[in-house]
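# Geometric and topological summary
Here is how the chains run, residue by residue.
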Amino acid sequence: FSQNYMLRQLRQDVKLFFARTQYEADYLHRGYGIESEKIPIVPLSFRETPCDPTVKKEPFCMFAGTMTQPRKNVPALIKAARKYGFQLKLVGNKGNAASEAKLRSLIGDATNIEIVGFVSDEELQSLYDRAKVFALPSLNEGVGLVALEAAMHGCNIVITNLGGPKEYYEPGTAELVNPYDVDDIGQAVMRAMNDNTSQPRLREQLGNKYSEAACINRLIAAYKSIL
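Residues numbered from 1 in each chain as written. Predicted model: local features only at pLDDT ≥ 70, side-chain atom pairs only at ≥ 80, totals over all residues. Heavy atoms only, no water.

### Let's talk about the overall build of the chain
Broken down by element type, the chain carries 9 helices and 6 strands. In summary, the chain has a C-alpha radius of gyration of 19 Å against a globular reference of 17 Å for 227 residues, a match within 12%. Considered along the principal axes of its C-alpha atoms, the chain spans approximately 60 × 40 × 30 Å. Look at the contacts in the chain between residues 6 or more apart in sequence, and 69% of them connect residues 24 or more apart. Summed over all atoms, the accessible surface of the chain reaches about 11700 Å², with 52% contributed by carbon and sulfur. Averaging the coordinates of the 27 positive side-chain charges in the chain and doing the same for the 26 negative ones gives two points 3 Å apart. (Helix = DSSP H or I, 4+ residues; strand = E, 2+ residues; numbered from the N terminus. Rg over C-alpha atoms; globule rule 2.2 N^0.38 Å. Contact = heavy atoms within 4.5 Å. Areas by Shrake-Rupley, 256 points an atom, 1.4 Å probe, with all protein chains shown as cover. Lys, Arg positive; Asp, Glu negative; His and termini not counted. Charge placed at Lys NZ, Arg CZ, Asp CG, Glu CD.)

### Some points on the pairing of strand β4 (residues 131-136)
In terms of residue burial, β4 counts as a mostly covered element, since 6 of its 6 residues are buried. Across 3 bridges, the pairing between strand β1 (residues 58-66) and β4 is parallel. Bridge assignment links glutamate 58 to a residue of β4, and that residue is alanine 131. In this structure, β4 lies alongside strand β5 (residues 156-160), joined through 4 bridges in parallel fashion. The partner of alanine 135 across the bridge, within β5, is valine 158. In this region the chain leaves β4, passes through helix α6 (residues 145-152) and returns to the parallel neighbour β5; the handedness of that crossover is right-handed. (Buried < 20%, exposed > 50% of the residue type's maximum accessible area, 1.4 Å probe, protein only. Pairing = 2+ DSSP bridges. Right-handed = clockwise from strand over helix to strand, strands pointing away.)

### Topic: the state of the cysteines
Tallied over the full model, the rule gives 0 disulfides. As a non-bridged cysteine, cysteine 61 has cysteine 155 as the owner of its nearest cysteine sulfur, 9.0 Å distant. Look at cysteine 61 and you get buried, because its relative accessible area is 0%. (Disulfide = S-S within 2.5 Å.)

### Describing helix α4 (residues 97-107)
Side chains of residues three or four places apart in an α-helix project in the same direction, reflecting 3.6 residues per turn. Within α4 the residues assigned to the buried category are Glu100, Leu103 and Ile107. For α4, the buried positions fall inside an angular range of 60° around the axis, keeping them on one side. Exposed residues pointing more than 90 degrees away from the buried face of α4 are listed as Lys102 and Ser105. Lining the buried residues of α4 we find α3 (74-84) and β3 (113-117). Regarding α4, its N-cap is asparagine 96, as a side-chain oxygen of that residue lies 3.2 Å from the backbone nitrogen of alanine 98 further along. Looking one or two residues beyond α4, the residue adopting positive phi is glycine 108, at roughly 60°. (Arc of directions from axis to C-beta. Polar contact = N/O pair within 3.5 Å; in protein donor to acceptor, adjacent residues only side chain to side chain.)

### Structural notes on the packing of α3 against helix α7 (residues 182-193)
Running from N to C, α3 and α7 cross one another at 65°; their axes reach a closest spacing of 8 Å. Considering only the axes of α3 and α7, their crossing is right-handed. In this structure, α3 uses Ala76, Leu77, Lys79, Ala80, Lys83 and Tyr84 to contact α7, whose residues at the interface are Val182, Asp183, Ile185, Gly186, Gln187 and Met190. Class assignment for the residues of the contact of α3 with α7 results in 7 nonpolar, 2 polar and 3 charged. (Axes fitted to C-alpha atoms, helices over the stretch in contact; angles between N-to-C directions. Left-handed = near helix turned anticlockwise from the far one by under 90°. Nonpolar A, V, L, I, M, F, W, Y, C, P; charged D, E, K, R; others polar.)

### Digging into the sheet that holds β1
Strand order in the open sheet made by the 6 strands is β3-β2-β1-β4-β5-β6, with parallel pairing throughout. The outermost strands of the open sheet, each flanked by one partner alone, are β3 and β6 (175-177). Shown here is a sheet whose adjacent strand axes are inclined to one another by a mean of 25°, direction ignored. Here strand β2 (residues 87-93) pairs with β3 via 4 bridges, running parallel. Its bridge partner being in β3, valine 91 is matched across the sheet by glycine 117.

### Describing the pattern of salt bridges
Applying the stated criterion across every chain yields a total of 13 salt bridges. Put simply, glutamate 100 and lysine 94 hold a salt bridge, and the shortest N to O gap is 3.6 Å. By relative accessible area, which is 16% here, glutamate 100 ends up buried. It is possible to trace a salt-bridge network through shared partners that takes in Arg47, Asp121 and Glu149. (Salt bridge = Lys/Arg side-chain N within 4 Å of Asp/Glu carboxyl O.)

### Observations regarding the environment of serine 99
On the secondary structure map, serine 99 appears in helix α4. Residues serine 99 and methionine 67, 32 residues apart in the sequence, show an inter-C-alpha distance of 8.9 Å.

Here you go:
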């Protein structure tokens, strides 16, 4: 059976369909006719990792994820870094030799862009602690947990304005960008690089709303509503 068929058949029998964002809840309601009251929003929690707020931030932007996955939109981030000159560190899966070659061809002779590749978890936490900005200008993203994790380490956040990820950030606490606009991405990173007011307010807001305990409490409340 297709996913569409199963959801349409189950909508009368299933009491709750959990969504991570209002964007997803609206999709379930409009696309499958599921009643809005049957779609509680239970966000995902960030991964709670050791961080050191005393570490001095350094003027670089980082990305973490699969660099060669089209929806992650890394080529646009590279183009923005080339055009606006900000330091960019690309962390994570750089693909096979051919994929890495394509990335390096985009980087060209730019000395401000570094392909870091895979790192240990300890090295990742250190990069989060040091990075002034974390950018995730995805074309398609569910939540963007790496951005939440980076924000908890004090990074200023540049994130796609498409889909649900932006719902995790209160107005004015993150830079929302059109991922199809290189200038929008570049200018947002530069603003975030010079922003000394969003943190630690952003970290505190996310800690209150999206800690593991806070998200579990929302899940429990949803289950209690159907007892």
